[in-house]
Amino acid sequence: MHKDIDEILIPRAELEARVKALGEQISADYAGRTVTLVGVLKGCVLFMSDLAKCITVDTRMDFMMLSSYSGAHSTGVVRILLDLKESIEDCDVLIVEDIVDSGLTMEYMLQNLKTRRPRSVEICSLLEKPSRRKTTVPVKYSGFTIPDKFVVGYGLDYNGIYRNLPYIGVMKESAIERK
Ligand code: 5GP
């Protein structure tokens with residue numbers, strides 16, 4: 001375990017099993033169609049690459065990068081730093097996100113993508129923190145429900161670090177102060 005991690009909340013094997021199950025569920029739901037995965041950079045990267053390998057229907061991949069306007073906590077005021085490369089008109093879009101916390105980022109994404117006239121838009125999030133939810137965005141595919149703790153690993157960072165950890169972990173308070 002990394003020296004800055006206090007506790008492993010979701011070990012690697014559990015992530016692998018859950019991602020495989022999500023991939024199977026998505027493959028069944030989108031049978032006969034092409035799914036367009038829209039990853040939200042950078043947090044989606046590890047999750048999306050593993051998930052995509054578990055999807056058996058035809059799959060496109062595109063990415064967006066968003067930035068919250070102010071402070072540590074999401075305000076829902078979002079800036080698009082990198083937009084989709086392709087049109088999603090008439091496509092079955094599945095947004096792939098690392099974590100839905102307040103839900104404000106996903107609410108913005110949903111509204112924004114819906115104006116581009118896709119055939120459908122759904123959300124797939126590896127993690128959800130329901131205790132902090134401020135919106136009713138429907139997360140159709142949800143990996144794990146976690147308590148209100150700041151987690152890193154498997155794509156999630158703290159100050160740009162820890163994304164490569166192969167598990168979801170809770171950081172040590174002492175490490176948060178130092179970094
Ligand atoms: P929301 O708009 O749902 O409040 O915020 C979602 C974003 O906040 C995520 O994409 C992620 O960047 C960040 N976030 C929320 N909770 C955590 C957490 O526990 N750990 C990390 N690393 N990022 C988080």
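Quick look at the structure, then. (Residues numbered from 1 in each chain as written. Predicted model: local features only at pLDDT ≥ 70, side-chain atom pairs only at ≥ 80, totals over all residues. Heavy atoms only, no water.)

With that settled, consider the nonpolar core. The biggest cluster of nonpolar side chains holds 29 residues, and the ones touching the most others in it are Phe 47, Leu 51, Leu 126, Leu 127 and Ile 168. For this core, the secondary structure elements donating two or more residues are α1 (12-29), β2 (35-41), α2 (45-53), β5 (92-100), β6 (120-128), β7 (141-145) and β9 (168-171). One finds Val 38, Cys 91, Ile 95 and Leu 110 within the second-largest nonpolar core, a separate group that totals 19 residues. (Core = buried A, V, L, I, M, F, W, Y, C linked by side-chain atoms within 4.5 Å. Buried < 20%, exposed > 50% of the residue type's maximum accessible area, 1.4 Å probe, protein only. Helix = DSSP H or I, 4+ residues; strand = E, 2+ residues; numbered from the N terminus.)

Let us now look at the site of the ligand. Near the ligand there are 16 residues, and of these Asp 101, Ser 102, Thr 105, Val 151 and Asp 157 occur at the shortest range. Glu 97 places a polar side-chain atom, nitrogen or oxygen, 3.4 Å from an oxygen atom of the ligand. Gly 103 is positioned such that a nitrogen or oxygen atom in its backbone is 2.8 Å from an oxygen atom of the ligand. Taken by itself the ligand offers 510 Å² of open surface, and the protein chains cover 83% of this. (Near = heavy atom within 4 Å. Polar contact = N/O pair within 3.5 Å; in protein donor to acceptor, adjacent residues only side chain to side chain. Areas by Shrake-Rupley, 256 points an atom, 1.4 Å probe, with all protein chains shown as cover.)

Among the residues making up α2, those that are buried are Phe 47, Met 48, Leu 51 and Ala 52. Mapping the buried residues of α2 onto a view down its axis gives an arc of 120°, with all of them on the same face. (Arc of directions from axis to C-beta.)

Strand order across the open sheet formed by three strands is β1-β9-β8, with antiparallel pairing between neighbours. This sheet does not close on itself; its edge strands, each paired only once, are β1 (5-10) and β8 (151-152). Here β8 pairs with β9 via two bridges, running antiparallel. Pairing of Val 151 across the sheet is with Val 170, part of β9. (Pairing = 2+ DSSP bridges.)

What follows is about the environment of Tyr 154. Structurally, Tyr 154 is set in the loop between β8 and β9. Overall, Tyr 154 belongs to the buried group, its relative accessible area being 6%. With 13 residues separating them in the primary sequence, Tyr 154 and Tyr 167 have C-alpha atoms 5.6 Å apart. Contact partners of Tyr 154, with chain neighbours within four places excluded, come to Leu 15, Val 19, Gly 43, Leu 46, Phe 47, Asp 50, Leu 126, Tyr 162, Arg 163, Leu 165, Tyr 167 and Ile 168. Engagement of the side chain of Tyr 154 in a polar contact is seen with the side chain of Asp 50, the distance being 2.6 Å. (Contact = heavy atoms within 4.5 Å.)

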